[in-house]
Amino acid sequence: MIGASLSLFGCSLGSITALGRVVYSLAAQQILPACLQGIHPRFGTPATAILCSTLPLLLGGAALVATGMSPQTLYSQFGGLSVLSFLLVYALVSCAALR
């Protein structure tokens, strides 16, 4: 159980970082609002994009836990969804690279 939790944490941290950078890039290309282009003055990271993309995910997860779902059930339910989502993103990026 500890190994699965650490794996989940590491994957989540990497995914949140990548999501923040994708949101920042989309804002830089004027696909998303320009307010998501905020850069942290000290670290140079897209802090605004990371915060704005992570907050809804955390609130959604907290709402699911509040309904009474156990962390193990959440992990098993969203584990498969995560894999399918990564495969979809990989396929879309591959198609975009063909252009």
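Since we're looking at a predicted model, the values are computed, not measured.

1. Topic: the overall build of the protein chain
What the protein chain contains, in helices and strands, is three helices and zero strands. With respect to the three principal axes, the spread of C-alpha positions in the protein chain is 40 × 35 × 25 Å. By residue count, 9% of the 99 residues in the protein chain fall in the buried class. Contacts spanning at least 24 positions in sequence make up 41% of the contacts within the protein chain whose residues lie at least 6 apart. Surface accessibility of the protein chain: about 7400 Å² in total, with carbon and sulfur atoms responsible for 73%.

2. Overview of the side chain of Ser-53
Note on placement: Ser-53 falls in helix α2 (residues 47-66). Taking relative accessible area as the criterion, Ser-53 reaches 11% and is therefore assigned buried. Here the side chain of Ser-53 touches Ala-49 through a polar contact of 2.7 Å, landing on its backbone oxygen. The contacts of Ser-53, once residues within four sequence positions are left out, are Leu-19, Gly-20 and Val-23.

3. Quick notes on the packing of helix α1 (residues 2-28) against α2
Across the interface, α1 lies against α2 with an axial gap of 8 Å and an inter-helix angle of 125°. It follows from the interaxial angle that α1 and α2 lie oblique. Here α1 and α2 pass one another in a crossing that is right-handed. Each of Ile-16, Leu-19, Gly-20, Val-23 and Tyr-24 in α1 lies in contact with α2, whose residues at this interface are Ala-49, Ile-50, Ser-53, Thr-54 and Leu-57. Across the contact of α1 with α2, the residue classes break down as seven nonpolar, three polar and no charged.

Analysis parameters
Residues numbered from 1 in each chain as written. Predicted model: local features only at pLDDT ≥ 70, side-chain atom pairs only at ≥ 80, totals over all residues. Heavy atoms only, no water. Helix = DSSP H or I, 4+ residues; strand = E, 2+ residues; numbered from the N terminus. Buried < 20%, exposed > 50% of the residue type's maximum accessible area, 1.4 Å probe, protein only. Contact = heavy atoms within 4.5 Å. Areas by Shrake-Rupley, 256 points an atom, 1.4 Å probe, with all protein chains shown as cover. Polar contact = N/O pair within 3.5 Å; in protein donor to acceptor, adjacent residues only side chain to side chain. Axes fitted to C-alpha atoms, helices over the stretch in contact; angles between N-to-C directions. Parallel < 35°, antiparallel > 145°, perpendicular 65-115°, else oblique. Left-handed = near helix turned anticlockwise from the far one by under 90°. Nonpolar A, V, L, I, M, F, W, Y, C, P; charged D, E, K, R; others polar.

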